[in-house]
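Structural characterization, general
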Amino acid sequence: MQTRLCDNMLLVLVLILVQMFGVHSQDPQWPLHTVCDSERITVTYRSCDPLQDVGFTFLPCPERLTDLIKIRLALILRQSIDELYSSYELWLNGHSILKRDEPLCLPHFPRFKFCGSRRGEIITVESSFKSKMNLPLKADFDLKLRAINQDGFQIACVNATLSFH
């Protein structure tokens, strides 16, 4: 019994030390993720939620905007989403060109299959994109996306940059 108590205390002490040193040595920001890097386009993103990173894929990395692109976003819910509101702003070379707030999930009007998801569930949002025109762009687009639930709790926050070369 005495040995087991000492082992448990040692384990708790090690976990406390790891937590103490881990918190003070970590960068306050999430890492910058590169989703796509080709001759034509570079897409990077970073979670702006201080508590949670998100997973984001952009496949395939297109050479032309007219190529079909599959987009997937995944995260673990820290709060339920009976209602969900999105806010996004698009910047072109440092100038705001689009800002929009939109309800994604409303009571009695769930637009997406993740509406009504509960805390602890993993939600995945999948979509695809294909431009009708292959514009010869050379620009940097910055996108800030936030999603807030019915209680004002931030569900996700992402800053993304799309650079066209």
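Here's a quick rundown of the structure. (Residues numbered from 1 in each chain as written. Predicted model: local features only at pLDDT ≥ 70, side-chain atom pairs only at ≥ 80, totals over all residues. Heavy atoms only, no water.)

**Concerning the sheet that holds strand 4 (residues 69-76)**
Spatially, the three strands line up as an open sheet ordered 3-4-8, and their pairing is antiparallel. This sheet does not close on itself; its edge strands, each paired only once, are strand 3 (55-59) and strand 8 (122-129). Adjacent strand axes in the sheet meet at a mean angle of 10°, parallel and antiparallel pairs treated alike. One ladder, built from five bridges, connects strand 3 with strand 4; its direction is antiparallel. Counterpart to Leu59 in the pairing with strand 4 is Lys70. (Pairing = 2+ DSSP bridges. Helix = DSSP H or I, 4+ residues; strand = E, 2+ residues; numbered from the N terminus. Axes fitted to C-alpha atoms, helices over the stretch in contact; angles between N-to-C directions.)

**Considerations on the sheet that holds strand 9 (residues 140-149)**
Reading across from one edge, 1-2-10-9-5-6-7 is the order of the seven strands in this open sheet, with antiparallel pairing throughout. Of all the strands in the sheet, just strand 1 (33-37) and strand 7 (109-110) have a single pairing partner and so form its edges. Direction of pairing for strand 9 relative to strand 10 (residues 154-164): antiparallel, over a ladder of nine bridges. By the bridge assignment for strand 10, Ile148 is matched with Gln154.

**Some remarks on the state of the cysteines**
Enumeration according to the criterion identifies three disulfides in this entry. What pairs with Cys36 in a disulfide is Cys61, and their sulfur atoms sit 1.8 Å apart. Disulfide Cys36 to Cys61: torsion about the S-S bond roughly 75°, handedness right-handed. Here Cys36 is found in strand 1, whereas its partner Cys61 is found in the loop between strand 3 and strand 4, with 25 residues between them in sequence. Residue classification places Cys36 among the buried positions, given a relative accessible area of 2%. Judged by relative accessible area, which is 27%, Cys61 ranks as partly exposed. Residue Cys105 pairs covalently with Cys115 via a disulfide, S to S 2.0 Å. On the sign convention where negative means left-handed, the S-S torsion of about -80° between Cys105 and Cys115 marks this disulfide as left-handed. Linking Cys105 in strand 6 (residues 95-106) with Cys115 in the loop between strand 7 and strand 8, this pair joins segments that are ten residues apart in sequence. For the pair Cys105 and Cys115, one class covers both residues: buried. Indicated for the protein chain is the disulfide connectivity 1-3, 2-6, 4-5, based on numbering the bonded cysteines in sequence order. (Disulfide = S-S within 2.5 Å. Buried < 20%, exposed > 50% of the residue type's maximum accessible area, 1.4 Å probe, protein only.)

**Some thoughts on the pattern of salt bridges**
All told, the structure shown has five salt bridges when counted by the stated rule. Between Glu102 and Arg100 there is a salt bridge whose closest N-O contact spans 4.0 Å. Among the ionic pairs, Arg111 bridges to Glu102, the shortest N-O distance being 3.1 Å. Relative accessible area serves as the criterion here: at 19%, Glu102 is assigned to the buried category. Through salt bridges with shared partners, a single network forms among Arg100, Glu102 and Arg111. (Salt bridge = Lys/Arg side-chain N within 4 Å of Asp/Glu carboxyl O.)

**Things to note about the packing of aromatic side chains**
Summed over all chains, the structure comprises four aromatic pairs. With a centroid separation of 6.5 Å and an interplanar angle of 35°, the aromatic rings of Phe56 and Phe58 are classed as tilted. Here the aromatic rings of Phe141 and Phe164 are separated by 5.8 Å at their centres, their planes lie at 90°, and the arrangement is edge-to-face. One end of the pair, Phe141, is in strand 9; the other, Phe164, is in strand 10, with 23 residues separating them in the sequence. Through a chain of ring-to-ring contacts, three or more aromatic side chains come together here, namely Tyr45, Phe56 and Phe58. (Phe/Tyr/Trp six-rings, centres within 6.5 Å; stacked < 30°, edge-to-face > 60°.)

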